[in-house]
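# Fold and contact review
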Amino acid sequence: DSGVTQTPKHLITATGQRVTLRCSPRSGDLSVYWYQQSLDQGLQFLIQYYNGEERAKGNILERFSAQQFPDLHSELNLSSLELGDSALYFCASATSGTGETQYFGPGTRLLVL
Amino acid sequence: GEDVEQSLFLSVREGDSSVINCTYTDSSSTYLYWYKQEPGAGLQLLTYIFSNMDMKQDQRLTVLLNKKDKHLSLRIADTQTGDSAIYFCAEMSNAGNMLTFGGGTRLMVKP
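Described below are features of the structure shown in this document. Residue positions within a chain follow its written sequence, with the count starting from 1. Whichever chain is written first becomes A and whichever ligand is written first becomes 1, with later ones labelled in order. With the structure being a predicted model, the display of local features is reserved for residues of pLDDT at least 70 and the display and counting of side-chain atom pairs for 80 or more, all residues being used for whole-chain, interface and lining totals. To get the side-chain values, all heavy atoms of the structure are used, and hydrogens and water are removed first.

## Observations concerning the interface of chain B and chain A
Note on contacts: a residue pair is in contact if any heavy atoms of the two residues lie within 4.5 Å. Listed per partner, the contact involves 16 residues of chain B and 20 residues of chain A. The buried area of a pairing is the accessible area, by a 1.4 Å probe, that goes missing from both parts when the two are put together, added over both. Carbon and sulfur atoms supply 59% of the area that chain B and chain A bury against each other, a total of about 1,400 Å² over both sides. Sorting the residues of chain B by area buried against chain A places Leu43, Asn97 and Phe101 of chain B first, and these three jointly supply 33% of that buried surface. A carboxyl oxygen of Asp or Glu within 4 Å of a side-chain nitrogen of Lys or Arg is what we treat as a salt bridge. Between the two partners, chain B and chain A, sit zero salt bridges. Pairs of N or O atoms within 3.5 Å make up the polar contacts considered here, provided that, within protein, one atom can donate a hydrogen while the other can accept it, and that residues adjacent in sequence are counted only when both atoms are side-chain atoms. Along the contact surface separating chain B from chain A lie three residue pairs in polar contact (both at pLDDT 80 or more). Working definition: helices are DSSP H or I runs of at least four residues, strands are E runs of at least two. Numbering for both runs from the N terminus. Mapped by element, the contributors of at least two residues to the side of chain B that touches chain A are strand 4 (31-37), strand 5 (43-50), strand 9 (85-92) and strand 10 (99-101) of chain B. In terms of residue class, the side of chain B that touches chain A is built from 12 nonpolar, four polar and no charged. Charged means Asp, Glu, Lys or Arg here, nonpolar means Ala, Val, Leu, Ile, Met, Phe, Trp, Tyr, Cys or Pro, and polar covers whatever is left, Gly included.

Structure below.
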């Protein structure tokens with residue numbers, strides 16, 4: 001158990017819908033990272049927040065957004081969902097903004113029908 | 001851009017050593033990592049090595065880094081059936097934020 005929690009574990013929704021994925025980092029960690037794991041693209045970095053502020057952006061679609069709250073939990077919002085958004089979404093946390101050691105949560109499996 | 005490559009599949013017998021290889025392109029990588037993913041599970045950090053080191057040993061795991069050839073390997077001694085999983089190599093960018101992952105190597109351990 002990494003200490004990073006993600007909810008929900010599974011999510012099934014329809015195209016065009018919007019969902020919110022939640023992540024709670026390990027106690028004391030200030031950085032949260034979001035990654036997407038899909039069959040065709042593999043594991044890809046989406047976005048990083050550090051202590052409430054966006055720190056780095058990767059291959060995140062404009063339909064996706066994230067935020068980190070004062071209690072350091074983070075949410076990833078996915079809107080106008082398409083079939084291709086079906087994937088496993090991981091959150092990772094690290095103590096610092098440079099994130100030398102990122103610990104991953106169990107992931108949220110999203111299925112868009 | 002950065003690219004990390006791994007072979008897709010490795011099969012070994014229980015008790016043998018496994019060696020999983022990885023190549024990367026970003027010469028400014030600061031840290032390199034090995035993660036393990038079991039079916040239906042998240043990514044478990046196994047070990048990592050700083051880019052100025054050549055080797056790191058942690059119990060049954062040995063990581064070798066050849067910075068000149070940009071080659072990283074993970075050796076698992078006395079491989080057990082519980083080691084069957086997908087192993088991902090990853091590098092940390094110089095900016096120190098994102099991890100770039102390889103496609104993963106599926107390790108199958110036969111009894």
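## A closer look at the environment of Ser11 of chain B
Residues and elements named next belong to chain B. Assignment of secondary structure puts Ser11 in strand 2 (residues 9-13). Accessible area is worked out with a 1.4 Å probe on protein chains only. A residue is then buried under 20% of its type maximum, exposed over 50%, and partly exposed in between. The class of Ser11 is partly exposed, set by a relative accessible area of 31%. Sequence separation of Ser11 and Val109 is 98 residues, and the distance between their C-alpha atoms is 5.9 Å. Once you skip the residues sitting within four places of it in the chain, Ser11 turns out to touch Met108 and Lys110.

## Remarks on the packing of aromatic side chains
Aromatic contacts are taken between Phe, Tyr and Trp rings whose centres are within 6.5 Å, Trp giving its six-membered ring; a plane angle under 30 degrees counts as stacked, one over 60 as edge-to-face, and the others as tilted. Under the criterion given, the structure shown has 15 aromatic pairs over all chains. Consider the rings of Tyr35 of chain A and Phe104 of chain A, whose centres lie 5.2 Å apart with planes at 40 degrees: the pair is tilted. With Tyr35 of chain A in strand 4 (residues 31-38) and Phe104 of chain A in strand 10 (residues 103-104), this pair connects stretches of sequence that are 69 residues apart. Taking relative accessible area as the criterion, Phe104 of chain A reaches 3% and is therefore assigned buried. Taking the centre distance of 4.9 Å and the plane angle of 50 degrees together, the rings of Tyr31 of chain B and Phe50 of chain B count as tilted.

## Overview of the pattern of salt bridges
Residue and element names in this part refer to chain A. Evaluation of the coordinates by the stated rule reveals five salt bridges over all chains. The shortest N-O distance in the salt bridge between Arg63 and Glu82 comes to 3.7 Å. Here Arg63, found in the loop between strand 6 (53-57) and strand 7 (64-68), pairs with Glu82, found in the loop between strand 8 (74-78) and strand 9 (87-94); they are 19 residues apart in sequence, far enough to count as distant. Looking at Glu82, the relative accessible area reads 44%, which means it is partly exposed. In the salt-bridge network here, residues are joined through shared partners; they are Arg63, Glu82 and Asp85.

## Notes on the sheet that holds strand 7 of chain A
All names here are of chain A. Strands pair, by our definition, only if DSSP identifies at least two bridges between them. Here four strands make up an open sheet; going across it, the order is 1-3-8-7 and the pairing antiparallel. On the outer flanks of this sheet lie strand 1 (5-7) and strand 7, each paired with one strand and no other. On average, each strand axis in the sheet is inclined to that of its neighbour by 15 degrees, with strand direction left out of account. Bridging between strand 3 (residues 19-24) and strand 8 involves five bridges; their strand directions are antiparallel. Across the sheet, the residue bridging to Val19 is Leu78, located in strand 8. Every axis corresponds to a line fitted to the C-alpha atoms, with the helix fit spanning only the stretch in contact, and the corresponding angles, defined between N-to-C directions, vary from 0 to 180 degrees.

## Examining the state of the cysteines
In what follows, a disulfide is any cysteine sulfur pair within 2.5 Å. Within this structure, the stated rule accounts for two disulfides over all chains. With its sulfur 1.7 Å from that of its partner, Cys23 of chain A forms a disulfide with Cys91 of chain A. Here the disulfide of Cys23 of chain A and Cys91 of chain A is left-handed, its torsion about the S-S bond being about -45 degrees. Here Cys23 of chain A is found in strand 3, whereas its partner Cys91 of chain A is found in strand 9, with 68 residues between them in sequence. Looking at Cys23 of chain A, the relative accessible area reads 0%, which means it is buried. Note on cysteine connectivity: Cys22 of chain B is disulfide-linked to Cys89 of chain B, with sulfurs 1.9 Å apart.

## Points about unusual backbone geometry
Residues and elements named next belong to chain A. Each neighbour pair has its own omega, and for Thr7 with Pro8 the value is -10 degrees, a cis peptide bond. By secondary structure assignment, the location of Pro8 is in the loop between strand 1 and strand 2 (10-13). You will see that Leu72, though not glycine, has its phi angle at about 80 degrees, which is positive. Relative to the assigned elements, Leu72 resides in the loop between strand 7 and strand 8. Given a relative accessible area of 17%, Leu72 falls into the buried group. Here the phi dihedral of Ser80 falls at roughly 45 degrees; this positive angle occurs in a residue that is not glycine.

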